[in-house]
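A look at the structure
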Amino acid sequence: MIKNFLSNKTFKSEALINEFSGKNILVTGGTGSFGKAFIENILINFSPNKLIVFSRDELKQFEMQQKFSQKKYPCMRFFLGDIRDEQRLSLAMQGVDIVVHAAAMKHVEASEYNPFECIKTNVLGSQNIVMASIKNNVKKVIALSTDKAAAPANIYGASKLASDKLFINAENLSGGTPIFSVVRYGNVIGSRGSIYPFFKKLLDEKSDHLPLTDERMTRFCISLKQGVEFVISCIVMMEGRELFIPKIPSIKIIDFCNWLAPNIPVKIIGIRPGEKLHELMFTKDDSRDVYFLDDRFIVLSQEAIKEKERKYSKFLTKTQNDIEYSSETNEEFLNKQTFLDLIKNI
């Protein structure tokens, strides 16, 4: 069964409507896979006052305006800009209530080869988001992270860990307005640059094999729809300083290959620089600060525990110490039918 994060009894329809309807919402990286899916969800289900796409890709903005035109959706706004430019961010955030920060440099190999560029976007860009949102009295800021930020093995993961720390501790500067939280989840099936479109392209080109770096490899797995719903639910729930992590299944990448193309052989090509065999969502050291609900974990920083735990104590449960949430030892793995159901909707 594919999980619906908005079916949690914590979320009532009126709470969701009140959170987004009539509000001004800005999405950085708004022309990316997540940004487009998030914006479409908000347009279908809510009535925002303004829905602002902030990105640096003019072609993708042009293409997106054909689908989400202001004539059809008067709330839509399109801002060209780079999160490296705090002045432009600050201008775009005037009057904004909610910022969803999805812009990032995400490609592991490109980041390894261009580490300065990765830091400029993922760390300094995040600092610019924090400062611009404080200057404009934004109410809520939620940032998207990655499983690669837990015990990072590459510059991309390290930069996202630094970004996570910036947002979790940003209230030290804001004094409570805005409040900041982070969402961390695994590989999004079907997103741009992910393994599914890469393999699909090879199959379309009649490749005689699928390349796999190591047959032991596992990954966390979430659909784009689930990722969007999870972020929406976290915006409603957030009190500030939380790191939200969904409970999602893992997949063995060798199974991914065999289920996608059962008649095509797999060729082992060796692990790439900065690549892990298995991913973590939180480490054993993190587990001292991890609480959970039926469908998610919530990491509360040491600074936040006294302040936030009282608010959450009625419905949160503490995890055991010295556990980790790993794609290798996860309790749930995708089976073939669920995998095929997921890719059928891409």
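Everything here concerns the structure above.
Structural notes, computed from the coordinates. Because the structure is predicted, anything quoted here is derived from the model rather than measured.

**Describing the pattern of salt bridges**
Note that side chains of opposite charge can pair when their charged atoms are close. What the rule picks out here adds up to 21 salt bridges. In this structure, Lys135 and Glu86 form a salt bridge, with 2.6 Å as the shortest nitrogen-oxygen distance. Residue Lys135 is located in helix 6 (residues 115-135), and its partner Glu86 is located in helix 4 (residues 86-92); the two are separated by 49 residues in the primary sequence. Overall, Lys135 belongs to the exposed group, its relative accessible area being 53%. Of the charged contacts in the structure, one is a salt bridge between Lys120 and Glu117, with a shortest N-O distance of 3.4 Å. Linking Lys120 with Glu117, this pair stays in helix 6, spanning three residues, or about one helical turn. Note on Lys120: relative accessible area 36%, which makes it partly exposed. Each member of the salt-bridge network shares a partner with another, and the members are Asp147, Lys148, Arg219 and Glu279.

**Some words on the nonpolar core**
Soluble globular proteins tend to pack their nonpolar side chains together in the buried interior. In terms of nonpolar packing, the biggest core is built from 77 residues, with Phe20, Phe34, Phe38, Met76, Val100, Tyr185 and Val231 touching the most fellow members. Sorting elements by how many residues they give to this core places helix 10 (residues 224-237) first, with eight residues. Apart from residues lying up to four places away in sequence, Phe38 is in contact with Ile25, Val27, Val100, Val228, Val231, Ile232 and Ile235. Counting 19 residues, the second-largest nonpolar core is a separate cluster that includes Leu210, Cys221, Leu334 and Ile343.

**Observations regarding the pairing of strand 3 (residues 76-80)**
Within a regular beta strand, the side chains point alternately toward one face of the sheet and then the other, so they alternate between its two faces. Relative to strand 3, strand 2 (residues 50-55) runs parallel, the two being bridged by five bridges. Counted as the bridge partner of Ile52 is Arg77 from strand 3. Between strand 2 and its parallel partner strand 3, the chain crosses via helix 3 (residues 58-67), and the hand of that crossover is right-handed.

**Concerning the sheet that holds strand 16 (residues 317-318)**
The ten strands lie next to each other as 3-2-1-4-5-6-10-15-14-16, forming an open sheet whose pairing is mixed. One side of each edge strand has no neighbouring strand; the edge strands of this open sheet are strand 3 and strand 16. Pairing of strand 4 (residues 98-101) with strand 5 (residues 140-144) involves four bridges; the strand directions are parallel. From the neighbouring strand, His101 faces strand 5, where its bridge partner is Ala143. Here helix 7 (residues 155-168) sits on the sheet and contacts strand 4, strand 5, strand 6 (179-183) and strand 10 (242-246); the angle it forms with strand 6, its principal contact strand, is near 150°.

Conventions we followed
Residues numbered from 1 in each chain as written. Predicted model: local features only at pLDDT ≥ 70, side-chain atom pairs only at ≥ 80, totals over all residues. Heavy atoms only, no water. Salt bridge = Lys/Arg side-chain N within 4 Å of Asp/Glu carboxyl O. Helix = DSSP H or I, 4+ residues; strand = E, 2+ residues; numbered from the N terminus. Buried < 20%, exposed > 50% of the residue type's maximum accessible area, 1.4 Å probe, protein only. Core = buried A, V, L, I, M, F, W, Y, C linked by side-chain atoms within 4.5 Å. Contact = heavy atoms within 4.5 Å. Pairing = 2+ DSSP bridges. Right-handed = clockwise from strand over helix to strand, strands pointing away. Axes fitted to C-alpha atoms, helices over the stretch in contact; angles between N-to-C directions.

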